[in-house]
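# Examining the three-dimensional arrangement
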Amino acid sequence: MFLCHSTSLCTSITRNCRYCIKQKENSLMASNTNLERSEPCGARQNPKQSTSKGYTLNSTFLNLKSSSLRGVPFPNIFNWLKVKRHDDNLGPYWRVHNKLYDLNDFIVKHPGGADWLQFTKGIDITEAFEASHIRSFPKVQHILAKYYVKDIESPRNSPYTFDDNGFYRTLKRRADPILQKVGSGSSPKILMIQDSLAISYIILASLGIATSSRSLQILAGIALGMCSIGGHNFLHKADNWRQYYLDLCPLSSFEFRITHAFSHHLYPNTVLDFEVLIAEPLIKWLPNPTKNVVQKYLAPCYFYFLYSIFMLTQLIGRIISLANGRQKLRWENLIIFLELGAILTFAPTIWMGLTSFLLIVMTASFWFVFVGFAHHHPNTFHDGDEPRPEPDFGLCQLDATMGKTDWFHKPLISVLVTFGEHPFHHLFPTVCHSKLEYLKPTVYQTLQEFGEDLPKASQLELFLGAQVQMGRTEGTTWKSRKINRKLMIG
């Protein structure tokens, strides 16, 4: 699936691009000849292939394809899973590296909960397996081996590597004894903060509706946005009731586990990142020469409005999906409707109730997205850029994100409600935000030993960078991006 971003990029590396040579070898091994193929180096670029309903986009990563249609209104994560399952072509099994496992009997025993294995059946879960199991990894591998079926020779639909002596496996081994000592679960302090946010939302919303105060309703929306982001910390973990804090807003904790924990976290800023796909065609985060004038120059203006209605679009999409039978109704899907019913009941009028609900939700939606800028800076990797030569999973996670330097991002409450410490969260997604601080020295030590850096930026710099990224049409080379990231460190 590798497609050189441009002739100049290819020839600047080497005339006989090793990526394209590898792609030709993989093409001979592939059995699905009807899937899109990249052109040889120096060929005319064709970054996307259109259909009447949308288009598919090639990746600049080795061995990564996504035939999911882009640019379709209300994209559905369950359709994305269906396509991923078709592309991986594993039948009734789960794939981890180059082995197949039958985990059907293990689903009810899975410590993280049944959902994780149920929705990934028939899919390659290598990245999920590696990233989710930091503590006692050898023990987890031993348990997995009990369900071994057979080896599989077909190449994985993923570019990432997990070499034992590579950055990520080395980091995991070093993090294990630390987490054995301090634990990976939530601290009492972060539990208190999360529960207080939920209570604050309920109180502010109740007062705002009872008094028809728009100011209190906006504050309630901010509290809801904070509570929802905090709930994201808990849905990464084994099933627990606090994960449903996210369902207080129109988002779904179950769907977010797929769109965020499974898609975005494992393939950030690539063609398999559903959180990038979901904004298209109005906002195209990936560099692409086919962006039109509106997408390049007007997107930075209208994206504020789009993100204020983001949560509402997810609710509408879920309703459509349920009506079409694409997904099943889950009990937590009813939480938002119970909230709406309560607001309409206690509001002075139906109109006041509806407008109050919309104001609260739109404020929460804006907060949820606005403070989340940690990925879309021109110096972070986006599919369309040249990837690093050796795509270690952990280093690729860091390539696609940035830390934040502002003083107000340091306290634990800020880390919880602003997607703080994001690079560390991507390296250890199942470790509670309250425990990431213990892992920082080990991360920096390992980065230094591998000759890597971790650039950071202020919230303002990340925000301004996102404006530039929306209009970016050309990919960057790995060398230039590395130089720019070093300059950010100073």
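Up top is the structure.
Note that the structure is a prediction, hence the values are computed from the model and not measured. (Residues numbered from 1 in each chain as written. Predicted model: local features only at pLDDT ≥ 70, side-chain atom pairs only at ≥ 80, totals over all residues. Heavy atoms only, no water.)

## Quick look at the sheet that holds strand S5 (residues 148-151)
Read from one edge of the open sheet, three strands run S3-S4-S5, paired in antiparallel fashion. The sheet terminates laterally at strand S3 (94-96) and S5, the two strands that pair on one side only. Here the average twist between neighbouring strands, direction ignored, is 30°. (Pairing = 2+ DSSP bridges. Helix = DSSP H or I, 4+ residues; strand = E, 2+ residues; numbered from the N terminus. Axes fitted to C-alpha atoms, helices over the stretch in contact; angles between N-to-C directions.)

## Brief notes about empty space enclosed by the protein
In total, this model carries eight cavities of 30 Å³ or more according to the counting rule given. Approximately 110 Å³ is the volume found for the largest cavity. Together, Arg388, Leu395, Leu398, Asp399, Glu452, Asp453, Pro455, Trp478, Lys482, Arg485 and Lys486 line the largest cavity. Taken together, the elements giving at least two residues each to the lining of the largest cavity come down to helix H16 (393-399) and helix H21 (478-489). With four residues, H21 is the largest single contributor of residues to the lining of the largest cavity. For the lining of the largest cavity, the residue count by class is four nonpolar, no polar and seven charged. (1 Å grid on protein atoms, 1.4 Å probe; cavity = no way out; pocket = protein on both sides within 12 Å on 5 of 7 lines; lining within 4 Å. Points joined across faces, edges and corners; volume = space filled by probe spheres on them. Nonpolar A, V, L, I, M, F, W, Y, C, P; charged D, E, K, R; others polar.)

## Some details on the packing of helix H12 (residues 293-308) against helix H15 (residues 350-370)
Taken N-terminus to C-terminus, the directions of H12 and H15 make an angle of 120°; their axes are 7 Å apart at the nearest point. In terms of orientation, H12 lies oblique with respect to H15. Contact with H12, carried on its side by Tyr304, Tyr307 and Ser308, involves Met362, Ser365, Phe366 and Val369 of H15 and no other residues of that element. Grouping the amino acids of the contact of H12 with H15 by side-chain chemistry returns five nonpolar, two polar and no charged. (Parallel < 35°, antiparallel > 145°, perpendicular 65-115°, else oblique. Contact = heavy atoms within 4.5 Å.)

## Description of the layout of surface pockets
Computed from the structure, the second largest pocket encloses a volume of approximately 960 Å³. For the lining of the second largest pocket, the elements supplying multiple residues, two or more each, are helix H4 (114-118), helix H5 (126-132), helix H6 (137-145), helix H7 (167-182) and helix H10 (253-264). For the lining of the second largest pocket, the residue count by class is 20 nonpolar, twelve polar and three charged.

## Looking at unusual backbone geometry
With omega at 5°, the peptide bond leading from Glu280 into Pro281 counts as cis. Looking at where Pro281 falls in the secondary structure, it is placed in the loop between helix H11 (274-277) and H12. With phi around 55°, Asn89 is a residue other than glycine that occupies positive phi space. Positionally, Asn89 belongs in the loop between helix H3 (77-88) and S3. Look at His97: it is not a glycine, yet its phi comes out positive at around 55°. In this structure, His97 sits in the loop between S3 and strand S4 (99-101).

## Digging into H3
Taking 1.5 Å of rise per residue, twelve residues should cover 16 Å, and H3 covers 16 Å from first to last C-alpha, within 8% of that figure. Structurally, H3 contributes buried residues whose contacts are with H10 and H11. Structurally, the start of H3 carries an N-cap: the backbone nitrogen of Phe78 is 2.8 Å from a side-chain oxygen of Asn76. Directly after H3, the chain includes Asn89, whose backbone phi takes a positive value near 55°. (Expected span 1.5 Å × (residues − 1). Polar contact = N/O pair within 3.5 Å; in protein donor to acceptor, adjacent residues only side chain to side chain.)

## Description of the pattern of salt bridges
Pairing is possible between side chains of opposite charge, provided their charged atoms come close. One pass over the structure, following the stated rule, counts 21 salt bridges. In this structure, the salt-bridge partner of Glu130 is Arg169, at a minimum N-O distance of 2.6 Å. Of this pair, Glu130 sits in helix H5 while Arg169 sits in helix H7, and the two are 39 residues apart along the sequence. In this structure Arg169 comes out as buried when scored by relative accessible area, which is 10%. The salt bridge involving Glu452 is made with Arg388; its shortest N-O contact spans 3.1 Å. Of this pair, Glu452 sits in the loop between helix H19 (440-449) and strand S7 (456-457) while Arg388 is found in the loop between H15 and H16, placing the two residues 64 residues apart along the sequence. For the pair Glu452 and Arg388, a shared accessibility class is recorded, and that class is buried. Linked by salt bridges that have partners in common, Glu130, Asp164, Arg169 and Lys172 make up one network. (Salt bridge = Lys/Arg side-chain N within 4 Å of Asp/Glu carboxyl O. Buried < 20%, exposed > 50% of the residue type's maximum accessible area, 1.4 Å probe, protein only.)

## Let's talk about the nonpolar core
One finds Leu103, Phe262, Ile283, Trp285, Phe368 and Phe428 to be the most contacted residues of the largest nonpolar core, which totals 114 residues. With near-sequence residues (within four places) excluded, Leu103 lies in contact with Trp94, Leu117, Ile125, Leu144 and Tyr147. (Core = buried A, V, L, I, M, F, W, Y, C linked by side-chain atoms within 4.5 Å.)

## Some words on H7
Here H7 is 16 residues long and its end C-alpha atoms lie 23 Å apart, about the 22 Å a rise of 1.5 Å per residue gives. Within H7, the axis deviates most sharply at Ala175, by approximately 30°, and proline Pro177 lies no more than four positions further along. Taken together, the buried positions of H7 are Phe167, Tyr168, Arg169, Thr170, Leu171, Lys172, Ala175, Asp176 and Leu179. For H7, the elements touching its buried residues are H5, H6, H16, helix H18 (422-427) and H19. At the exit of H7 stands Gly183, carrying a positive phi of roughly 80°. (Bend = angle between axes of the 7 residues up to and from the residue.)

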